[in-house]
Amino acid sequence: MRLHILLPSLAVLLFISACGNSGGGGAADSASAVVGDSISAGVPANLERGEGPIRLALRFRKGDAFGYAIKTTQNVSITSDTIVDKSVQTMTYRYRFDVLDTLSDGSARLRATCLAMRFEGEYQSAGTKKSMRYDSGEKNDPAKEKMFMQYAACVGAPFEIVLSPQGRIERVGGTDAVIQRLLGADRKTMSSDAVAKVTADYSENGLKGIVQQAFQKLPERPVAADSLWKHSWGGTLGFLRLQNDATYTLKGFQQRPEGRAAIIAAKMTSRYTGDKRLDTGQGMATVHAFDVSGSGLTVFDLAAGRPASRAIMQKVYAKFFVEPPAELKQVAPDQAKDFWWIQEATIGNTVETIKL
């Protein structure tokens, strides 16, 4: 018997509040080069150093509108006992952002509208292969729409975010239309508490998790070339307790056809901080390895006051020794045996500016 530990989206979720991704045109090509390579290979050559510290902050004007394509590709291998499952998934969102209002502290209230979503997946398990594909722009049958609604509930269902000048999404709200699409007819049979829980979970891990990737974590003080700033935060992912750390460096400045840009590099790590032996709810697991690292590059448009492009590459290696519950071992001793569970993954994220 194979006991599934729920970690398939591990690396995707680790750094959403720290570093997004992007590429596309001009310096955006340099950002794209980070994916699949070292961060140093992605930094453009011959950067300008500037003439002293400047303030890097998101800037908004009421009525402004802009858009991004946010793409995540996961290449995951999971070994459970002697069985190896492999998958490659790509999810691409196209978002439009409209500035509804600006606040006195420099924050802004924005309407986020998902214009389209595409999903592509290739899977290998026990010698069999299968593929899955979804495009919100196509006419899909109801069964397929329901299958992919966890990804596509946001399409055509605007919601609101409050975004700080330092690039952090402070709040997600106005999600009634999204949750209605997500739950469909099931919402009528759910209690108000259950709907509230789904709304909170989906707002934080679904909507915010995707949209946050588009916005760079910026320093609260003026910075010059080679300046560093850091961002650390703790959290949980399933039954795992984590400590995440990111260090950003202003590498310099670049003159692009669209205007002057700041080039920001990032290095990130995540480490497990919980007990070495823990109860997963599906058996006991002993943590033998948990290594997550990432690097990224942002091209920040100084004139527009927002990222022009972003890219990030993450690598994950996690190894657990799993012991199924004693009652299962008694019922099925030949199947419910202790086993090793190993996940290896690479996750590439890119964010591109799109024309509206």
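Residues numbered from 1 in each chain as written. Predicted model: local features only at pLDDT ≥ 70, side-chain atom pairs only at ≥ 80, totals over all residues. Heavy atoms only, no water.

Digging into the pairing of strand E1 (residues 65-80)
We count it as follows: Categorising residues by exposure relies on relative accessible area from a 1.4 Å probe, with only protein chains included: less than 20% of the type maximum marks a residue as buried, more than 50% marks it as exposed, and the intermediate range marks it as partly exposed. Numbering of helices and strands runs from the N terminus; a helix is a DSSP stretch of H or I covering at least four residues, while a strand is a stretch of E covering at least two. For two strands to count as paired, DSSP must find a minimum of two bridges between them.
When you tally the buried positions in E1, you get 12 out of 16 residues, the bulk of the element. Where E1 lies against strand E2 (residues 83-102), 16 bridges are found, and the strand directions are antiparallel. Paired with Ser77 across the bridge in E2 is Lys86. Taking the residues between adjacent antiparallel strands as the criterion, E1 and E2 are bridged by 2 residues, where Asp81 takes a positive phi near 65 degrees. Taken together, the 14 bridges between E1 and strand E13 (residues 339-354) define a ladder with antiparallel strand orientation. Following the sheet pairing, Asn75 is matched in E13 by Thr346.

Considerations on the side chain of Thr90
Definition in use: Definition of a polar contact: a pair of N or O atoms within 3.5 Å, with one able to donate and the other able to accept a hydrogen when the atoms are protein atoms, and with sequence-neighbouring residues admitted only if both atoms are side-chain atoms. Contacts are assigned to residue pairs that have any heavy atoms within 4.5 Å of one another.
Relative to the helices and strands, Thr90 resides in strand E2. For Thr90, a relative accessible area of 15% puts it in the buried group. Here Thr73 takes part through its side chain, which lies 3.2 Å from a polar atom of the side chain of Thr90. Not counting residues up to four positions away in its chain, the partners in contact with Thr90 are Lys71, Thr72, Thr73, Arg118, Phe119 and Glu120.

A closer look at the pattern of salt bridges
The test is simple: Salt bridges are defined by distance alone: a side-chain nitrogen of Lys or Arg within 4 Å of a carboxyl oxygen of Asp or Glu.
Under the criterion given, the structure shown has 14 salt bridges. Between Asp98 and Arg96 there is a salt bridge, with the nearest N and O atoms lying 2.8 Å from each other. Looking at Asp98, the relative accessible area reads 10%, which means it is buried. Across the pair Asp135 and Arg118 runs a salt bridge, and its minimum N-O distance is 3.7 Å. Of the two residues, Asp135 sits in strand E4 (residues 128-135) while Arg118 sits in strand E3 (residues 108-125), which places them 17 residues apart along the sequence. Judged by its relative accessible area of 14%, Asp135 falls in the buried class. Classification of Arg118 by relative accessible area gives partly exposed; the value is 37%.

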